[in-house]
Every structure is written in C-alpha cells, then in structure tokens.
Amino acid sequence: ATPPTTIITVTGNALEFSASDGDGVGVNNIYYSLDNGKNWDTYTEQVKLNMDGEYKIQYKTDDKYLNTEETKEKTITIENRGFNKTVKIINARFKF
C-alpha cells in the first residue's frame, strides 16, 4: 500500500501539518521533529516557534496499517522585528 503524504504550512511563527492517504486506509498520525530526528512528537495542534533562529523541521505520517511516509525536511528562519514576523523558507527537500 502507498503511505500517506504530508504537507506543512508555515504562517508567521506557526507550523501546521496536514496529511492525505488518498484511497488508502486513512491517516493514523502525523509526526514532527525539531531536533534532527532524535525525538518525534505526534502532531495534535498548531506548533509555535517562539525563538528567533533557523529551524530544521522533519515530518512524516503513517496510515492505519502503519505504512510510514519517508521523512521530509524543511528549514525555515524565524525573525521577529517588533510586531512584524518574517518567515523565509530556505529549503524544502525529501530526506531518504
């Protein structure tokens, strides 16, 4: 079976994930890591990045048969300038 596909959306300093399993058995969980894959959290709500700096975000999803998507990776920079926040997407690539 084909594993699900995850999409990350960055708005301000917040991350949101969504996943689709197409015609499969359905999405089980979305996982993300902010520490280069050492620890994985199960996504349940919007993730806020409160400190300025560069973040490497890894993410993946599994379906109800536990078919797991290959880990994806995106690096973003958070820069707070007064009340305005800027997010620059530096790169997005698949990690095999």
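Criteria and cut-off values
Chains are numbered independently. Their residues run from 1 in the order of the written sequence. In keeping with the model being predicted, local features are shown solely for residues with a pLDDT of at least 70 and side-chain atom pairs are shown and tallied solely at 80 or more, while totals for entire chains, interfaces and linings include all residues. The side-chain values count all of the structure's non-hydrogen atoms but skip hydrogen atoms and water molecules. The way it works is that DSSP assigns letters per residue, a run of H or I at least four long becomes a helix, a run of E at least two long becomes a strand, and they are numbered from the N terminus. We call two N or O atoms a polar contact when they sit within 3.5 Å, provided that within protein one can donate a hydrogen and the other can accept it, with sequence-adjacent residues counted only if both atoms are side-chain atoms. Should any heavy atoms of two residues lie within 4.5 Å, those residues are considered in contact. Note on terminology: a nonpolar core comprises buried Ala, Val, Leu, Ile, Met, Phe, Trp, Tyr and Cys residues joined through side-chain atoms within 4.5 Å. Burial classes follow relative accessibility: with a 1.4 Å probe on protein chains only, a residue under 20% of its type's maximum area counts as buried, one over 50% as exposed, and anything between as partly exposed.

**Q** Looking at this model, I keep getting lost on the side chain of Thr6. Mind explaining?
**A** With respect to the secondary-structure elements, Thr6 resides in strand S1 (residues 5-11). Separated by 2.4 Å, the side chains of Thr6 and Thr61 make a polar contact. Of the polar contacts made by the side chain of Thr6, one reaches the side chain of Glu69; its length is 2.4 Å. When neighbours within four sequence positions are excluded, Thr6 is seen to be in contact with Phe17, Ser18, Ala19, Ile30, Tyr59, Lys60, Thr61, Glu69 and Lys72.

**Q** What exactly am I supposed to notice about the nonpolar core here?
**A** Nonpolar side chains in soluble globular proteins tend to end up buried together. If you look at the biggest cluster of nonpolar residues, it comprises 13 residues, and the most contacted ones within it are Leu15, Phe17, Val47, Leu49, Ile57 and Ile76. Of all elements in the fold, only strand S2 (14-20), strand S3 (27-33), strand S6 (53-63) and strand S7 (72-81) reach the threshold of two or more residues within this core. A per-element tally of this core places S6 first, with three residues. With near-sequence residues (within four places) excluded, Leu15 lies in contact with Ile8, Thr9, Val10, Tyr43, Gln46, Val47, Leu49, Ile57 and Ile76.

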